Amino acid sequence: MTYAITQTCCNDATCVAVCPVNCIHPTPEERAFGSTEMLHIDPRSCIDCGACADACPVDAIFPVDRLKPAHREYAALNAAYYEEEEAAATEREEAAATPAAVTGDGAEAQAEAAERTGPLFRAWDAPGFARSLPSDFAPLRVAVVGTGPAGMYAAEDLLLHTDAQVTLVDRLPVAGGLIRYGVAPDHPATKKVGEAFARFHHHPRVRMQLGLEVGKELSAAELAAHHDAVIYAVGAATDRRLGIPGEELPGSVSATGLVAWYNAHPDHAPDAVSLDAERVVVVGNGNVALDVARILVSDPDALAATDIAGHALDALRGRRVREVVLLGRRGPEDAAYTRTELLALGHLDGVDLVVDDHDPRIGAAIDTAGPLDKAGMLGGVTRTAVDWSRPPEPGRRIVFRFHSAPLAVTGEQAVTGVQVTGGTEIPAQLVVRSIGHRGVAVPGLPFDETTGTVPHEGGRVRGRTNEYVVGWIKRGPSGGIGANRSCAAETVTTLLADAVAGELPAPSGSAKEFARLARRRNRRLVDARGLAAIERAERESGQRDGRVRTKFATVPELVAAARRSRLRLPG
């Protein structure tokens, strides 16, 4: 028996670190790491020890013979990765002049292929301690702005490798960031990574200042003056624009806003989105676009068991949505979504998948692709030329419309449709743009308007001595949750090197002085005890409704919950 990695893989490589036979790839040391959709277990080398499954923070790893029906495809996906890699390595080897002369990429591929044969026990590298400080070094005080995955990986790195004191700062009165407000509610396993981060909320060297907005209630300069270093992990909070006529009409919304709405983000009112539309057009076909499509047509009774916002659940129960059209500029072979998310769509009860066969290139790409290629995985999906002059078909369905770029959102007082290339207008009452996120400038920090990021060198903000960045505000909106682990490692390594070199200015204020300053600026701040109270209150409220939790959707509700029934912290 062997294990397989499934849909919820977060790519943070925790499993790689514990595997005794080096059968999980790509590893962080390999060139392909970060560019693959997920990690893969080699079925020929796996020794069935289960160490990877025990270590996985998102419950993505299972024995092949215990895979649920919806996950059985992943056994083949894991095996296919190694078949493809070996085929590519063989081609490179044959292209070399002689086996002995193989160098560069060919030699690296051969070495990697050799390591995967076995089962040979892993040859561990020599231990290294790049992210550590000398034993006689005074503890650093580091502020981390943002409590999503990027910020928490940075905090974890500091707490595990040094004796630093960490101040967690977030503009919202609750922690979680992308885990709480960006992950789809029907992906509870992915949200479990938040439990791994939560153990650091109560760490004895951690202080939390939730509800404090840097750049508004406290300047970046003031924050830097009270700490040895500050790490900004503020993500990419807004969306990219389409730049087409009609984009501002009522009924045209961003996927960023829609996801935040159904996840109970305080910035989005309960009535911010109306689902009084029979057909919805989602511009884009990345994973977020698939998330939006899936939620809009899912059975509300199934979603009721999740932590979806109460107002969103009510709206879905009363929805008119019967069809969601995913608009892609390119063909099915170049779709931006991952194969794992496409597989998930195929298991939606009562929802049909359709490919609009309006262009001969679409069918050709699907028919000539391998069964596990993105295009090939649509081989079993109904293909038909959709008549857009007719209302949506009975039932619920998701339509893939490839080779179609939006030219204009139509309508006078509200959205009535979308004009696309080829002279077609698709009638719709709701348009969701899902073409990527974009970072927002932090007052007091440099900002590159072109990339939507803070300019940096190895994570150090360019031109600054003790300010750093991590996550999407550092590298742009690319990579999932797990990509932030290596991103954080780079930033923390740079920070600690600066500390050892004596390049960090000494704080001008103490930790107590900073706490008093923060309280003067905002009397409603939430600490770790308040966060624990919010957690308990949401779960208790959810239990009364038969749900996993009921999220508080406004800042006043969150603050009130934090002040009620505070829990004694463990230890």
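You'll find the structure just up there.
Below: a short report on this structure. Everything numeric here is computed off the predicted structure, so don't read it as measured data.

### Quick word on the side chain of Asp12
Next up, step 1: Tracing the backbone shows Asp12 in the loop between β1 (3-5) and α1 (14-18).
Next up, step 2: Reaching out from Asp12, the side chain makes a polar contact with the side chain of Tyr153 at a distance of 2.9 Å.
Next up, step 3: Among residues more than four places away in sequence, those in contact with Asp12 are Pro57, Tyr153, Gly482 and Arg485.

### Examining the pattern of salt bridges
Next up, step 1: This structure, assessed with the given rule, holds 39 salt bridges.
Next up, step 2: Between Glu247 and Arg241 there is a salt bridge, with the nearest N and O atoms lying 3.8 Å from each other.
Next up, step 3: Look at Arg241 and you get partly exposed, because its relative accessible area is 39%.

### Section: empty space enclosed by the protein
Next up, step 1: Per the counting criterion, the structure on display carries two cavities of 30 Å³ or more.
Next up, step 2: Taken as a whole, the largest cavity encloses approximately 80 Å³ of empty space.
Next up, step 3: Residues of the lining of the largest cavity, tallied by class, amount to eleven nonpolar, two polar and one charged.
Next up, step 4: When its volume is computed, the second largest cavity comes out at roughly 50 Å³.
Next up, step 5: Looking at the second largest cavity, the residues that line it are Tyr3, Cys19, Pro20, Val21, Cys23, Cys46, Ile47, Asp48, Cys49, Gly50 and Cys52.

### Points about the packing of helix α19 (residues 528-544) against helix α20 (residues 555-563)
Next up, step 1: Axis separation between α19 and α20 bottoms out at 7 Å; the angle between their running directions is 105°. In terms of orientation, α19 and α20 fall into the roughly perpendicular class. For the pair α19 and α20, contact is made by Gly530, Ala533, Ile534, Ala537 and Glu538 and by Leu558, Ala561 and Ala562, respectively.
Next up, step 2: Of the residues that constitute the contact of α19 with α20, the class distribution is six nonpolar, one polar and one charged.

### So, the nonpolar core
Among soluble globular proteins, nonpolar side chains are generally buried collectively.
Next up, step 1: With 120 residues, the main nonpolar core has Ile24 and Phe400 as its most contacted residues.
Next up, step 2: Beyond its immediate chain neighbours, meaning those up to four positions away, Phe400 contacts Leu326, Tyr337, Leu342, Leu345, Leu353, Val354, Val355, Asp356 and Leu378.
Next up, step 3: Counting 22 residues, the second largest nonpolar core, distinct from the first, contains Val230, Tyr232, Phe447 and Val461.

### As for α20
Next up, step 1: When we look at burial in α20, the residues that qualify are Leu558, Val559, Ala561 and Ala562. Buried residues of α20, viewed axially, fall in a sector of 160°; they line one side. Of the exposed residues in α20, the ones pointing more than 90 degrees away from its buried face are Pro556 and Arg563.

### Looking at the side chain of Thr340
Next up, step 1: Along the chain, Thr340 turns up in helix α14 (residues 339-345).
Next up, step 2: Exposure remark for Thr340: the relative accessible area of 5% places this residue in the buried category.
Next up, step 3: Of the polar contacts made by the side chain of Thr340, one reaches the side chain of Thr338; its length is 2.9 Å.
Next up, step 4: Excluding anything up to four places from it in sequence, Thr340 contacts Gln7, Glu37, Met38 and Tyr74.

### Details of the environment of Ala405
Next up, step 1: Following the sequence through the fold, Ala405 ends up in the loop between β15 (396-401) and β16 (406-410).
Next up, step 2: Sequence separation between Ala405 and Arg330 is 75 residues, and the spatial gap between their C-alpha atoms is 8.3 Å.
Next up, step 3: Leaving out residues up to four positions away in the same chain, Ala405 has contacts with Arg329, Gln419, Val420 and Thr421.

### So, the pairing of strand β8 (residues 229-232)
Next up, step 1: The two faces of β8 match: Ala229 and Ile231 on one face and Val230 and Tyr232 on the other face are all buried.
Next up, step 2: As defined by bridge partners, β8 adjoins strand β23 (residues 467-469) across three bridges and the pair is classed as parallel. Paired with Val230 across the two strands is Glu467, which belongs to β23.

### Section: the environment of Leu378
Next up, step 1: Within the secondary structure, Leu378 sits in the loop between α15 (360-368) and β14 (382-384).
Next up, step 2: Exposure remark for Leu378: the relative accessible area of 0% places this residue in the buried category.
Next up, step 3: Sequence spacing of Leu378 and Glu84 is 294 residues, and the spatial spacing of their C-alpha atoms is 20 Å.
Next up, step 4: Every residue in contact with Leu378, bar those within four places of it in the chain, is listed here: Pro332, Tyr337, Leu342, Val355, Ile366, Phe400 and Phe402.

### Description of helix α17 (residues 483-500)
Next up, step 1: If you check α17, its first and last C-alpha atoms are 27 Å apart, about what 18 residues at 1.5 Å a residue would give, namely 26 Å.
Next up, step 2: If you check which residues of α17 are buried, you get Asn484, Cys487, Ala488, Ala489, Thr491, Val492, Thr494, Leu495, Leu496, Asp498 and Ala499.
Next up, step 3: One or two steps after α17, the chain reaches Gly502, where phi turns positive at roughly 75°.

### Digging into the sheet that holds β16
Next up, step 1: What the three strands build is an open sheet, ordered β16-β17-β18; its pairing is antiparallel. With partners counted over all chains shown, the strands left at the sheet margins are β16 and β18 (424-427), one partner each. The average angle at which neighbouring strand axes cross in this sheet is 20°, direction not considered.
Next up, step 2: Sheet topology places β16 next to strand β17 (residues 417-420); four bridges connect them, and they run antiparallel.

### A few points about the sheet that holds β15
Next up, step 1: An order of β10-β19-β11-β12-β15-β13-β14 is seen for the seven strands of this open sheet, with the pairing classed as parallel. Where the open sheet ends on each side, the last strands, each with one partner, are β10 (252-254) and β14. Across the sheet, the mean angle separating the axes of adjacent strands is 25° when strand polarity is ignored.
Next up, step 2: Relative to β15, strand β13 (residues 351-356) runs parallel, the two being bridged by five bridges. Within β15, the position partnered with Val354 by the bridge is Val399.

### What to know about a positive patch on the surface
Next up, step 1: A surface patch of positive charge is lined by Lys512, Arg516, Arg520 and Arg523.
Next up, step 2: Topologically, Arg520 is positioned in helix α18 (residues 511-521).
Next up, step 3: Given the relative accessible area of 54%, Arg520 is considered exposed.

### Observations regarding the state of the cysteines
Next up, step 1: Counted by the stated rule, this structure contains zero disulfides.
Next up, step 2: Among the cysteines around Cys10, which has no disulfide bond, Cys9 carries the closest sulfur, lying 6.1 Å off.
Next up, step 3: No disulfide involves Cys487; its nearest neighbouring cysteine sulfur is the one of Cys10, lying 15 Å away.

Rules behind the numbers
Starting afresh in each chain, residues are numbered from 1 along the sequence in its written order. Reporting of local features is limited, given that this is a predicted model, to residues whose pLDDT is at least 70; pairs of side-chain atoms are given and counted only at 80 or more, and all residues count toward the totals for whole chains, interfaces and linings. Side-chain descriptors were evaluated using all non-hydrogen atoms of the structure, hydrogens and water having been removed beforehand. Only runs of H or I of at least four residues qualify as helices and only runs of E of at least two qualify as strands under DSSP, and these elements are numbered from the N terminus. Polar contact is defined as a pair of N or O atoms within 3.5 Å, subject to the rule that within protein one atom must be able to donate a hydrogen and the other to accept it, and that residues adjacent in sequence are counted only when both atoms are side-chain atoms. We call two residues in contact when some of their heavy atoms are within 4.5 Å. We define a salt bridge as a contact between a side-chain nitrogen of Lys or Arg and a carboxyl oxygen of Asp or Glu at a distance within 4 Å. Think of it in three bands: residues with accessible area under 20% of the maximum for their type are buried, residues over 50% are exposed, and the middle band is partly exposed, with areas taken using a 1.4 Å probe on protein chains only. For cavity detection a 1 Å grid was placed over the protein atoms alone, and a set of points counts as a cavity when a 1.4 Å probe fits there but cannot get out; an open set counts as a pocket when protein lies on both sides within 12 Å along at least five of seven lines, with lining residues being those that have an atom within 4 Å of a point. Grid points are joined across faces, edges and corners, and a volume is the space filled by probe spheres set on the points. All amino acids are sorted into three groups, where Ala, Val, Leu, Ile, Met, Phe, Trp, Tyr, Cys and Pro are nonpolar, Asp, Glu, Lys and Arg are charged, and the leftover types, Gly among them, are polar. Here an angle of 0 to 180 degrees is reported between the N-to-C directions of two axes, which are lines fitted to C-alpha atoms, with helices fitted over the stretch in contact. Roughly parallel refers to an angle under 35 degrees, roughly antiparallel to one over 145, roughly perpendicular to one between 65 and 115, and oblique to any angle outside these ranges. Among buried residues, those of type Ala, Val, Leu, Ile, Met, Phe, Trp, Tyr and Cys that are joined through side-chain atoms within 4.5 Å constitute a nonpolar core. This arc describes the spread of directions from the helix axis toward the C-beta atoms. When DSSP locates at least two bridges between a pair of strands, those strands are taken to pair. Here the expected span of a helix is defined as 1.5 Å times the quantity of residues minus one. Each patch is built from residues that are more than 30% exposed by relative accessible area and take part in no salt bridge. Like charges join if they lie within 9 Å; nonpolar side chains (Val, Leu, Ile, Met, Phe, Trp, Tyr) join within 5 Å. Reported accessibility uses the Shrake-Rupley method at a 1.4 Å probe radius. Residues are deemed covered only where the shown protein chains occlude them. Counted charges follow a simple rule, with Lys and Arg positive, Asp and Glu negative, and His plus the chain ends left uncounted. The location of each charge is read from NZ of Lys, CZ of Arg, CG of Asp or CD of Glu. Cysteine sulfur atoms that come within 2.5 Å of each other are treated as a disulfide pair.

Nothing here speaks to function; it is geometry throughout.
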